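What follows is each chain in one-letter form.
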Amino acid sequence: MEQDCWCDRWSRHRTDTTAPGVPRVIGSTGPVRAVPGEDVILPCHLEPVVDVEGLTVEWSKPDLKPDPSDPLNRVEYVHLYRDRKELVDMKMALYFGRTDIFSSELKHGNISLKIMNVTEDDNGRFKCYIPKLQSKVKFAVIQLIVDPNHDKTSITQTPPPGGSQTPGPDDQTLGKGGRSRVATLVSFLMCALAVLGLSMTLLITHLCHKQNEPEPAGIT
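Residues numbered from 1 in each chain as written. Predicted model: local features only at pLDDT ≥ 70, side-chain atom pairs only at ≥ 80, totals over all residues. Heavy atoms only, no water.

K.L.:
Tell me about the pattern of salt bridges, residues and numbers included.
P.N.:
Taken as a whole and assessed by the stated rule, the structure comprises four salt bridges. Between R24 and E47 there is a salt bridge, and its shortest N-O distance comes to 3.1 Å. Within this pair, whereas R24 is found in strand 1 (residues 24-27), its partner E47 is found in strand 4 (residues 44-47), the two being separated by 23 residues in sequence. Close ionic contact of D63 with R125 constitutes a salt bridge, the shortest N to O distance being 2.9 Å. Of the two residues, D63 sits in the loop between strand 5 (57-60) and strand 6 (79-82) while R125 sits in strand 10 (residues 124-129), which places them 62 residues apart along the sequence. D63 gets classed as partly exposed once you look at its relative accessible area, which sits at 47%. (Salt bridge = Lys/Arg side-chain N within 4 Å of Asp/Glu carboxyl O. Helix = DSSP H or I, 4+ residues; strand = E, 2+ residues; numbered from the N terminus. Buried < 20%, exposed > 50% of the residue type's maximum accessible area, 1.4 Å probe, protein only.)

K.L.:
Can you break down a nonpolar patch on the surface residue by residue, with the values?
P.N.:
A cluster of nonpolar residues, L193, L196, M200, L203, I204 and L207, forms a patch on the protein surface that exposes about 580 Å² of accessible area. Here L196 lies in helix 1 (residues 169-212). (Patch = residues over 30% accessible without salt bridge, like charges linked within 9 Å, V, L, I, M, F, W, Y side chains within 5 Å. Areas by Shrake-Rupley, 256 points an atom, 1.4 Å probe, with all protein chains shown as cover.)

K.L.:
I'd like a rundown of the side chain of D122, residues and numbers included.
P.N.:
Position of D122 relative to the elements: it lies in the loop between strand 9 (113-115) and strand 10. D122 gets classed as buried once you look at its relative accessible area, which sits at 0%. Discounting chain neighbours no more than four positions away, the residues touching D122 are K61, L94, Y95, R98, I115, N117, L144 and V146. (Contact = heavy atoms within 4.5 Å.)

K.L.:
Help me get a handle on the layout of surface pockets, residues and values and all.
P.N.:
Size it by volume and the largest pocket reaches roughly 240 Å³. Every residue along the wall of the largest pocket is listed here: K61, L64, K65, P66, D67, D70, R74, V75, E76, D89, M90 and M92. (1 Å grid on protein atoms, 1.4 Å probe; cavity = no way out; pocket = protein on both sides within 12 Å on 5 of 7 lines; lining within 4 Å. Points joined across faces, edges and corners; volume = space filled by probe spheres on them.)

K.L.:
Just give me the short version of the pairing of strand 5, but keep the residues and values in it.
P.N.:
Of the two faces of strand 5, the one holding V57 and W59 and the one holding E58 and S60 are both buried throughout. Pairing of strand 5 with strand 6, which is carried by three bridges, proceeds in the antiparallel orientation. By the bridge assignment, V57 is partnered in strand 6 with Y81. Looking at chain direction, strand 5 and strand 10 are connected through three bridges and run antiparallel. By the bridge assignment, E58 is partnered in strand 10 with Y129. (Pairing = 2+ DSSP bridges.)

Any functional reading would require information beyond the geometric quantities listed.
The following block contains the structure:
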């Protein structure tokens, strides 16, 4: 997956017509690329930081037109956050159970969208929009390209086959400690055997010496 962290975007896009201090919605500078099956994050945030927990955040696909058979001309959303929760009544069926925003980051102005298990049907432009934001720049558009030929391995780190992992410092310390304890125990046993053997040798030598001593002459 080829994308920058949303937080890296906060220092960019400084040339616009918005007055200093007025928040504006800022999206990715380039397309977000992924292969089918990946989870992706479409970066979008406010600069300067504004708490948007109490505001409506809309994620949609602007190139999709409302169903002409719908008399209300309603628009379906990729993700709709309103009244401090997600509303699924107007959510596109394609995105049921597949999208999320970072609720704990809304107070920091992060309105990025996570899409799980992307498919080629997700290709296209996504619009993040805050309708009641007091600004002239209320939305941004991010392009998502899902390409099965995209080089996933050059971006995404995967664990080694079989789940094998290089031991960390703690694992190495535990391994060395275990070997050290075994070596200490072996050394102790060897010393104990050596002392026991020396004691037995001294005892046997003493007994032999006692047996070879002449008996004292009797008193007449």
